[in-house]
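Residue-level structural notes
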Amino acid sequence: MSNHAKTGLVLEGGAMRGIYTAGVLDVLMEHGITFDGVIGVSAGALHGCSFVSGQKGRSLRFYMKYRADRHFMSFWNLLRTGDVVGEKLCYHDIPERLDPFDYEAFLKSGMKFYAVCTNLETGRAEYIRIKDMLNEVDIMRASASMPFVSRIVHFRGMKLLDGGCADSIPVKAFRRMGYRRNVVVLTRHDGYVKKPENPRLARSVYYRYPKFVKTLCRRHIVYNRTIEEIHRLEKEGDTFVIRPSVELTIGRMEKDPEMIRQVYEIGRKDAENIMADLKKWLASGTTLTS
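Residues numbered from 1 in each chain as written. Predicted model: local features only at pLDDT ≥ 70, side-chain atom pairs only at ≥ 80, totals over all residues. Heavy atoms only, no water.

1. Considering the pattern of salt bridges
Per the counting criterion, the structure on display carries 19 salt bridges. For Arg268, the salt bridge goes to Glu30, with nearest N and O atoms at 2.9 Å. On the criterion of sequence distance, the pair formed by Arg268 in helix H12 (residues 257-284) and Glu30 in helix H1 (residues 18-30) is long-range, its members being 238 residues apart. We classify Glu30 as partly exposed; its relative accessible area is 36%. Close ionic contact of Arg243 with Asp190 constitutes a salt bridge, the shortest N to O distance being 4.0 Å. (Salt bridge = Lys/Arg side-chain N within 4 Å of Asp/Glu carboxyl O. Helix = DSSP H or I, 4+ residues; strand = E, 2+ residues; numbered from the N terminus. Buried < 20%, exposed > 50% of the residue type's maximum accessible area, 1.4 Å probe, protein only.)

2. Structural notes on empty space enclosed by the protein
This model, assessed by the stated rule, comprises five cavities of 30 Å³ or more. If you trace the largest cavity, you find 24 residues lining it, with Leu46, Phe62, Tyr63, Cys90 and Tyr91 closest to the centre. Of all the secondary-structure elements, those providing two or more residues to the lining of the largest cavity are helix H2 (43-52), helix H3 (58-66), helix H5 (87-98) and helix H7 (137-143). Top contributing element to the lining of the largest cavity by residue count: H5, with four residues. Its residues assigned to classes, the lining of the largest cavity comprises 21 nonpolar, one polar and two charged. Size it by volume and the second largest cavity reaches roughly 70 Å³. Asp83, Val84, Val85, Glu87, Tyr91, Arg141, Ala144, Ser145, Met146 and Ser150 together form the lining of the second largest cavity. Split by residue class, the lining of the second largest cavity holds five nonpolar, two polar and three charged. (1 Å grid on protein atoms, 1.4 Å probe; cavity = no way out; pocket = protein on both sides within 12 Å on 5 of 7 lines; lining within 4 Å. Points joined across faces, edges and corners; volume = space filled by probe spheres on them. Nonpolar A, V, L, I, M, F, W, Y, C, P; charged D, E, K, R; others polar.)

These results come straight from atomic positions and should not be treated as a statement about function.
The structure is reproduced here in structure tokens:
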């Protein structure tokens, strides 16, 4: 092995469960922990980019401030625009002026950043590196565009939606990309098993994209196998997992500020509780049970 094995940070999605990840990431920032690369899926990408730009507290701040704004995330948005998440507010107004994203810090960061999207025509995951968050924000939007409640995002000739459809926890992909040692932040508690989704709904809505329908129908199988693989990698020492210590009962479109802050604080507490072990793992190249 070389003197420096590339380390990666892998961030699962999960809609509002992602605020747990935001809590974890804020603690990592407080302890000065960085990685060679970061890869996020959906909400994982949304919070991961603020980690790369070094903006501690930003995710919680704008979620708390705009959670009840119907232009943020609402069925009103869905009926009006075809997107449950408001494109203008979330991907332009907030990062560009209301709660500015530090584009310069992101560019200067030594961490490479990737977002995962699902290609509707191939049914496969696309692992897209983002170098310029301002001009490539549509990759982020695609990664977080949940099926059935979002319009298809067109980018570089591809038709894209939520990366979690094809690869919810891209640890194997990141290993193939050269990140052999990874910290994985999950948003499901240990023991969670994903159940099948309604195949009829997928076929009726996405009948033009049979490969994507197949991916949706197999999503639970792929997810559960990935969790098994992560358990194996944990035991082998190449992967350090941070997972919720309790089941997160937050709603996918949660508006209650107390619930949002509670889940964020669970993430912070879990991260603090494993910090000593994480630092040993990062320093020594061997994993400990987290």
